[in-house]
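Here's the letter readout for the chains.
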Amino acid sequence: EDQVTQSPEALRLQEGESSSLNCSYTVSGLRGLFWYRQDPGKGPEFLFTLYSAGEEKEKERLKATLTKKESFLHITAPKPEDSATYLCAVLRGSGGYQKVTFGTGTKLQVIP
Amino acid sequence: DTGVSQDPRHKITKRGQNVTFRCDPISEHNRLYWYRQTLGQGPEFLTYFQNEAQLEKSRLLSDRFSAERPKGSFSTLEIQRTEQGDSAMYLCASSPVINYGYTFGSGTRLTVV
């Protein structure tokens, strides 16, 4: 069974204090790994897709990396508006069948 | 087209009643997904459509749940004889192709009292 574990569960940072969120996974036949941001009461917002080990993607203060067993979301000099829950999800499958399994998320709070 | 729309945003119902939610995906997306999310958890997969065909259903989707996507456009999720355990956020998402990130709607929050 696919497993996605995110750590830490919650993270509190001072504005400008860089850090990383971890997503470790066990999945057979990984097709891709997604990162999403979710604000309270809203649906997840797509951030990145990573397809293979060694790949990196960047968007503003966020940088996502992927290895064969885990992914990191690096947040550089965060701002209060970066406060949200960050979700990781893995995709497996082929052809017309695909399955996406989400982790439980890391709740990030950035304090001014 | 401004994204995935879900209606209603909130629904409070009495236990035992039937409820139906609607999702309008991004028009050019042929793949549509329903997820359920409870507080502090990640979204859990319920079902998946490619065009009008329902290709996958989770074990979570008991016989009280049914989903349709007539003509491959909007989709509906119906829950019959609701139970308190059905209280959750029901999320709809769509994507244009496989291996692509999903666009989620804002969800329908269901409260069963």
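Everything that follows concerns the structure shown earlier in this document.
Residues numbered from 1 in each chain as written. Chains lettered and ligands numbered in written order. Predicted model: local features only at pLDDT ≥ 70, side-chain atom pairs only at ≥ 80, totals over all residues. Heavy atoms only, no water.

1. Points about the sheet that holds strand β7 (residues 65-68) of chain B
All names here are of chain B.
Phase 1: An order of β1-β3-β8-β7 is seen for the four strands of this open sheet, with the pairing classed as antiparallel. Edge positions in the sheet fall to β1 (5-7) and β7, since each of these pairs with one other strand and no more. Between one strand axis and the next, the sheet turns through 15° on average, direction left out of account.
Phase 2: Pairing between β7 and strand β8 (residues 75-79): four bridges, direction antiparallel. By the bridge assignment, S66 is partnered in β8 with E78. (Pairing = 2+ DSSP bridges. Helix = DSSP H or I, 4+ residues; strand = E, 2+ residues; numbered from the N terminus. Axes fitted to C-alpha atoms, helices over the stretch in contact; angles between N-to-C directions.)

2. A few points about the interface of chain A and chain B
Phase 1: Contacts between the two partners involve 21 residues from chain A, matched on the other side by 24 residues from chain B.
Phase 2: Three residues, A:P44, A:Q98 and A:F102, lead the burial of chain A against chain B; their summed loss comes to 28% of the area buried on that side.
Phase 3: For the interface between chain A and chain B, the tally reads zero salt bridges.
Phase 4: On the surface where chain A and chain B come into contact, there are three residue pairs in polar contact (both at pLDDT 80 or more).
Phase 5: Elements with a minimum of two residues in the side of chain A that touches chain B: β4 (30-38), β5 (45-50), β9 (84-92) and β10 (99-102) of chain A.
Phase 6: Of the residues belonging to the side of chain A that touches chain B, the class tally is 10 nonpolar, nine polar and two charged. (Contact = heavy atoms within 4.5 Å. Buried area = accessible area lost by both parts, 1.4 Å probe. Salt bridge = Lys/Arg side-chain N within 4 Å of Asp/Glu carboxyl O. Polar contact = N/O pair within 3.5 Å; in protein donor to acceptor, adjacent residues only side chain to side chain. Nonpolar A, V, L, I, M, F, W, Y, C, P; charged D, E, K, R; others polar.)

3. Some thoughts on the nonpolar core
Phase 1: Core analysis: the largest hydrophobic core is formed by 23 residues, its most contacted members being A:L33, A:W35, A:L73 and A:Y86.
Phase 2: When residues of this core are traced back to their parent elements, those giving at least two are β2 (10-14), β3 (19-26), β4, β5, β7 (62-66), β8 (70-75), β9 and β11 (106-111) of chain A.
Phase 3: Residue contributions to this core peak at four residues, all from β9(A).
Phase 4: Residues contacting A:L33, with those up to four places away along its chain left out, are A:C23, A:Y25, A:F48, A:T49, A:L50, A:L66, A:S71, A:C88, A:A89 and A:V90.
Phase 5: Formed by 19 residues, the second largest nonpolar core is a distinct cluster that contains B:F21, B:I26, B:I79 and B:Y90. (Core = buried A, V, L, I, M, F, W, Y, C linked by side-chain atoms within 4.5 Å. Buried < 20%, exposed > 50% of the residue type's maximum accessible area, 1.4 Å probe, protein only.)

As far as function goes, none of this settles anything; it's purely spatial.
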